[in-house]
Amino acid sequence: MSKNGAPWQENFKFSMLLYDARYRGLTIQISVLIAFLLAFFWLANNVVQNLADLGKPIEFGFLGDVAGYDINQILIDYTAQSSHGRATLVGLLNTLLVAFSGCVAATILGVIGGVLRLSNNWLVSRLVAGYVEIFRNIPVLLWIFVCMFTFTALAPSPREFRGADPEASMLFMDSVALTNRGIYIPEPLFSRPLGNIDLGIFFVSIELLLILACLIGGWLFVRKNNARALQIQNDTGERPATFLVNLAAMALPTIIILIALGFHIGKPELKGFNFKGGINMSAPFIGLWLGLTLYTTTYIIEAVRSGIQAVSKGQTEAALALGMRPGRIMSLVVLPQAMRIIIPQLISQYLNLTKNSSLAVAIGYMDLVSTLGGITLNQTGREMEAILLLMAIYLSISLTISVVMNWYNNRMKLVER
Amino acid sequence: MSNYEFVRTDMLPQQEPPSDTVGVIGWLRANLFSSFYNTALSITVLFLLGSVLMNAVPWVFLGIWNADSLSHCREIFASQYSDGREYACWAVVRDRWDQIIFGYSFGNLEEGLFWRPVFALLFVFVAITPILFPSTPRTLYLATFATLFIYPWLIWGGSLSSYLSIAVLIVAAGYVYQILSKYMISLFSIGLMLVFLILGLWLLNAPISALIHLILPFELQSIPSREISGFVLSITIGIVAIVASLPLAILLALGRQSDLFIVKKLSTLFIELIRGVPLITLIFVATVLLKYFLPKSVNLDPVLSVMILVTLFTAAYIAEVIRGGLAALPSGQKEAADSLGLNYWQAQRLIILPQALKISIPGIVSNFISVLKDTTLVSIVALNDPLGIATAVRSHTDWNGIVWELYAFIALIFWLMCFSMSRYSMYLERKLRTDHH
Amino acid sequence: MSQNQERKVDRSKMQVGDEVAIQLTNMNKWYGEFHVLRDINLTVNKGERIVIAGPSGSGKSTMIRCINRLEEHQKGQIVVDGIELTNDLKNIDKVRSEVGMCFQHFNLFPHLTILENCILAPTWVRKTPRKEAIDTAMHFLEKVKIPDQAHKYPGQLSGGQQQRVAIARSLCMKPRIMLFDEPTSALDPEMIKEVLDTMIELAEEGMTMICVTHEMGFARQVANRVIFMADGQIVEQNEPEEFFNNPKSERTQQFLSQILGH
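Not measured: the values here are computed from a predicted model. (Residues numbered from 1 in each chain as written. Chains lettered and ligands numbered in written order. Predicted model: local features only at pLDDT ≥ 70, side-chain atom pairs only at ≥ 80, totals over all residues. Heavy atoms only, no water.)

**Digging into the packing of helix H10 (residues 261-275) of chain B against helix H12 (residues 302-328) of chain B**
Residues and elements named next belong to chain B. Stated precisely, the cut-off is as follows: For helices, the fitted line uses only the C-alpha atoms of the stretch in contact; every axis is such a line through C-alpha atoms, and the angle between N-to-C directions lies from 0 to 180 degrees. Helix and strand assignments follow DSSP, with helices taken as H or I runs no shorter than four residues and strands as E runs no shorter than two, numbered in order from the N terminus. Note on convention: the crossing is left-handed when the near helix lies turned anticlockwise from the far helix by less than a right angle, right-handed when the turn is clockwise. It only takes one pair of heavy atoms within 4.5 Å for two residues to be counted as in contact. Under this grouping Gly is polar, as are all residues other than the nonpolar Ala, Val, Leu, Ile, Met, Phe, Trp, Tyr, Cys and Pro and the charged Asp, Glu, Lys and Arg.
Closest axis-to-axis distance for the H10/H12 pair is 9 Å, and the angle between their directions is 115°. For the pair H10 and H12, the crossing hand works out as left-handed. Counting all contacts with H10, which are made through Phe 270, Ile 271, Ile 274 and Arg 275, the residues of H12 involved are Leu 312, Phe 313, Ala 316, Tyr 317, Ala 319 and Glu 320. Considered class by class, the residues forming the contact of H10 with H12 number 8 nonpolar, no polar and 2 charged.

Listed below in structure tokens is the structure:
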């Protein structure tokens, strides 16, 4: 370019839109955008036309209407008189419940399995490998069916608990009833209750809040205590024992609160044809939870195994050569490095498990898909709204999880040059 | 100070290791009983394994294959075994295996249609050989192209000419692209080619089809989509999804890697949107909502709609696999292509994509495995995949009460397919790693 | 070789003592059926600088890895600093904290800074107060001439710098014996010298050292004896001058002509 002629003073020719590096990208982008918008408006127009022909324009008012159906497992107050919106909320909480308990169980089993998979005991590591290969190569829906039907076929029906000489009996000192309708476990009760706080959408019991406060306080104390231990270690080299003090800090205040509130457990009891009292984990919940857990565990086992194996043997050897003990090598050298590989895989498995929990609809667990995308959809005939809302809710759950994951990945990036 | 001097005059021969470190005893010591903790673990595991097998093995191997119904099975157990226990009633598998595998449409062995899915699968094997074994002659890619049309013909039936006319139009569109690309930038020639293809399918399809029918008057009994069922349905959805999603996936991957802002954002939006929702909601979209998105004149049956949505779903996941392949290529490849004067699409087609796709094959295979497993979800919208058929069989009066036998059979077939493919993809991954060094 | 020409090695403190530092007696090791180490007999006195040479697969690395029990031997006896290596974990810990080791691939911990790499073992194994551990670490980092990198991560350093950090990390445990397992063979030529210089300085202070290395210039300048291994056994050992100028066995001559020939 000449020193006095600015590039913009060149004569603009139409062909420059295609053959000038400055405009070509723009041309392409605008064409793609136009094509996309055309396609989008075509689809949207079809929807509006088709729905208008049926006489049901898009509106979400149906969420306020009375739902009129029962839900067998609820975490917050719900009756058939509640609204479809409330049914959706109940379904969402049920989805989150099964997803959360599945993630917890799969993580525990997966970490144990991953460590056993790397055990130098041939039998154990082969057994875990066999489990992984069997469970991950068969569809999860099939596992959910198998778990569900095995549970309902093998567990005794409530009827068998009746009579003077019953065929079935309760477990753990008559506190847990395992029936084919679900598992009844004892519920915590308080003889000196403090009541509930109304949060508008649901109630929160004050006892629960108190216990939570105790646990958080205990946890803060543990952090402080560990920091103190580290300080002493830094000053003198000897690390004081913290385990017992930490345990006491976590447990003692909670125990005191429990005693003060008159904590006792309410055992489920057989009344008529079914058990009453206690907490009921319905059979579909058990089947779904077991199926999801067993399937996802295999992926977590592989994540843990690959994470630990990705830390080169040289790291362990170097630490051994410095005289460190195996336990410390694991916690100070291997795990911090393995975690960078394990945690992103773990989070993406949590995401998969949450998405797979939508298979609840196949066995009648009342999750989000069964309520909003199932009965509510069928009763109101609002397919478009119900399914779009359903997808939007799942999308926001997924996005939340991936934001957490990105934040973690950015924080844990290894510094390389 | 020469007290260090030492010279070995005769070399020591190789010796046997101490007997307790090799052989069966050495192996057992090292792998099962190396410490107290390990010994305890081994014994516990052996005990648990033993007690499980003690129950499972007789159930499987003492099962009954010859019976008409579950109650008949139970009579046989009562008369044959005195222990009063129940064993597997494999008779249900013997009775219904053809339905579960070939579906209602091809499963009736007397009608003799089952050769069609079998041949279709054989064609698929021929079609993938040139992709999996690069040493085979490249003319085999012709077979791959042919399979794209023969497979649907064998499954859906009808006149061969209606499938071949589409093939002819696609080949013609390819020529149109080649001619146009001499005169304008590639993106526009691609656009015009698509316009040509759509117009051709709309206007020219019928006459060309009629013309071909004069030369090749082959016709098979037509099978409506909703009757395709069993493992044939699962495998067909899986294959259609993978094959049809590849072009879209490549475009999405290139789009997400590109530095054109709008293109990149649109690709990312599509991929993340699809990956963020469970497949079942997309299947609902297919069966419930798709009809609203299309003009009234279009009438899709549920199987086709599900195939379309599963294809979009797969495309988002495969796009990510291919993006990984693109990212793994050294940047020198792109620079070398630029320095040779290739334009963007030439560079992609000739240099970048062949390498990126090769690295992506293991990922695509594992995606195929997931799609195959995910096809079971269609049973939720009342399509008859193997699980749907199992539900139907279980509600039949003869087999009411059967649980594990049916699911075990279906699980076994899924396992055989998925396990062998996953092993193959692991082998490919290892091979790719060693090829690179 | 040529890169050490300008440095004059000060041999005044390099004195071999009477005290035995390491004693291997009839030591044998197998990998499965393969006999990797055959009847190794070796006595190392305090202050000795030993270079072990030999073709790859001759068992040199395996031998020094047995000395701090990164590998287990199956027959014979290994005594380090008066402690016999058996299955007793206490003894193994004691030996490992007395013996420092440097690896071919450095094996720095990539998730810890240079300083944290250096104080990890002193604080957790030796129970040194952190402040003191940092002082020691900075002292040794200064000695290997990279104190200004202390707060960087290993990935940000060059190979030569990483290996010097690895040496400093071992020195922070104040070891009495140092083992070097091919410390320069993963390095670019211009970085070899900086690592060798660090090792020479260490030798000048009278450290007992065993080095597996192909740097014959280093062997001539620093070692008080050179051991040649082949097929899992010690074939020849001698003072460096004799070893290089007048090798006795045919295997040694062949080996030397290959590595010094061109």
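**Side note on H12(B)**
Rules: Here, expected helix span is obtained from the residue count minus one, scaled by 1.5 Å. Each polar contact in these results corresponds to two N or O atoms within 3.5 Å; when the atoms are within protein, one needs to be able to donate a hydrogen and the other to accept it, and residues that are neighboring in sequence are counted only if both atoms are side-chain atoms.
Its 27 residues place the ends of H12(B) 39 Å apart at the C-alpha level, agreeing with the 39 Å of an ideal helix rising 1.5 Å per residue. Its side-chain oxygen placed 3.1 Å from the backbone nitrogen of B:Val303, B:Asp301 serves as the N-cap of H12(B).

**Some points on the environment of B:Asn384**
All names here are of chain B. Definition in use: Partly exposed residues are those whose accessible area sits between 20% and 50% of the maximum for their type, while under 20% is buried and over 50% is exposed, using a 1.4 Å probe and protein chains only.
Tracing the backbone through its elements, the reader meets Asn 384 in the loop between helix H14 (344-374) and helix H15 (386-394). Taking relative accessible area as the criterion, Asn 384 reaches 24% and is therefore assigned partly exposed. Sequence separation of Asn 384 and Arg 116 is 268 residues, and the distance between their C-alpha atoms is 18 Å. Setting aside residues up to four positions removed in sequence, Asn 384 forms contacts with Tyr 104, Ser 229, Gly 230, Leu 233 and Ile 389.

**A closer look at the interface of chain C and chain A**
Stated formally: Buried area is calculated as the accessible area (1.4 Å probe) missing from two parts once they are joined, with the contributions of both summed. In the sections that follow, a salt bridge refers to a side-chain nitrogen of Lys or Arg positioned within 4 Å of a carboxyl oxygen of Asp or Glu.
Contact residues are listed per partner, giving 33 residues for chain C and 28 residues for chain A. Around 2700 Å² of area is buried between chain C and chain A when both sides are counted, 61% of it from carbon and sulfur atoms. Taken together, the connections running from chain C to chain A amount to 2 salt bridges. With its nearest N and O atoms 2.4 Å apart, the salt bridge here joins A:Glu317 to C:Arg65. Counting every contact that joins chain C to chain A gives 7 residue pairs in polar contact (both at pLDDT 80 or more). Elements that contribute at least two residues to the side of chain C that touches chain A include exactly helix H2 (89-98), strand S6 (99-102), helix H3 (114-124), helix H4 (130-143) and helix H5 (159-171) of chain C.

**Some details on the environment of C:Ile119**
All names here are of chain C. With respect to the secondary-structure elements, Ile 119 resides in helix H3. Once the C-alpha coordinates of Ile 119 and Glu 132 are considered, the two residues, 13 residues apart in sequence, prove to be 9.4 Å apart. If we ignore the near neighbours within four places in the chain, the residues touching Ile 119 are Arg 130, Ala 133, Ile 134 and Ala 137.

**Focus on the pattern of salt bridges**
Working definition: two side chains of opposite charge can pair if their charged atoms are close together. Taken as a whole and judged by the stated rule, the model has 29 salt bridges over all chains. Note that A:Glu59 is salt-bridged to A:Arg382, the shortest N-O span being 3.7 Å. Note that A:Glu59 is positioned in the loop between helix H2 (21-54) and helix H3 (84-117) and A:Arg382 in the loop between helix H11 (368-380) and helix H12 (383-411), a separation of 323 residues in sequence. We classify A:Arg382 as buried; its relative accessible area is 15%. Counted as one network, the salt bridges with shared partners bring together A:Lys313, A:Glu317, C:Lys29, C:Arg65 and C:Glu71.

**With respect to the sheet that holds strand S9 (residues 279-282) of chain A**
Residues and elements named next belong to chain A. The cut-off we apply is this: DSSP bridges decide pairing: two strands pair if at least two such bridges lie between them.
Ordered by their spatial adjacency, 3 strands build an open sheet running S1-S2-S9, and the pairing between neighbours is antiparallel. The two strands at the open ends of the sheet, each matched to only one other strand, are strand S1 (177-179) and S9. The sheet shows a mean angle of 15° between the axes of neighbouring strands, direction not considered. As judged from the 3 bridges shared by S1 and strand S2 (residues 182-185), these two strands associate in the antiparallel manner. By the bridge assignment, Ala 177 is partnered in S2 with Tyr 184.

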